[in-house]
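Understanding the architecture of this molecule
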Amino acid sequence: MHVAKVEKSADSVSFSLYDENLKLLESESFADLYTLNFHLQTLAKKYGLQKSLLVIHDIQANKVTMEIAKDENSFFV
């Protein structure tokens, strides 16, 4: 299972994708969630993701949520 980490702050969103062995595959920063969500939905096809753990850290709210994304339609923040 791949792991996707999203860190939301007041002015940006950072994203990192790791494979099953926690090797970093991709890391990027985005200005807003709309751009990030578009990018997330392309990852399922790009990497052949079947199931991924999506970890979202909202720095401002000091809150972490985790969910399982099963296909490209469930891969969004």
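Reading the values: the criteria
Residues numbered from 1 in each chain as written. Predicted model: local features only at pLDDT ≥ 70, side-chain atom pairs only at ≥ 80, totals over all residues. Heavy atoms only, no water. Pairing = 2+ DSSP bridges. Helix = DSSP H or I, 4+ residues; strand = E, 2+ residues; numbered from the N terminus. Axes fitted to C-alpha atoms, helices over the stretch in contact; angles between N-to-C directions. Contact = heavy atoms within 4.5 Å. Expected span 1.5 Å × (residues − 1). Buried < 20%, exposed > 50% of the residue type's maximum accessible area, 1.4 Å probe, protein only. Polar contact = N/O pair within 3.5 Å; in protein donor to acceptor, adjacent residues only side chain to side chain.

**A short note on the sheet that holds strand 3 (residues 24–30)**
Pairing is mixed in the open sheet, where five strands are placed in the order 3-2-1-4-5. Two strands close off the open sheet at either side, each with one partner strand: strand 3 and strand 5 (63–69). Within the sheet, the average angular offset between the axes of one strand and its neighbour, ignoring direction, is 15°. Bridge analysis of strand 1 (residues 2–8) against strand 4 (residues 52–58) gives seven bridges, and the strand direction is parallel. By the bridge assignment, His2 is partnered in strand 4 with Ser52. Across the sheet, helix 1 (residues 33–47) touches strand 1, strand 2 (13–18) and strand 3, and the angle it forms with strand 3 is around 160°.

**Things to note about helix 1**
In this model, helix 1 (15 residues) spans 21 Å end to end at C-alpha, consistent with the 21 Å of a helix rising 1.5 Å per residue. The complete set of buried residues in helix 1 reads Leu36, Asn37, His39, Leu40, Leu43 and Ala44. Residues of helix 1 that are buried sit in contact with strand 1, strand 2 and strand 3. Its side-chain oxygen 3.3 Å from the backbone nitrogen of Tyr34, Asp32 forms the N-cap of helix 1. A positive phi of about 65° marks Gly48, the residue just after helix 1.

Any functional reading would require information beyond the geometric quantities listed.
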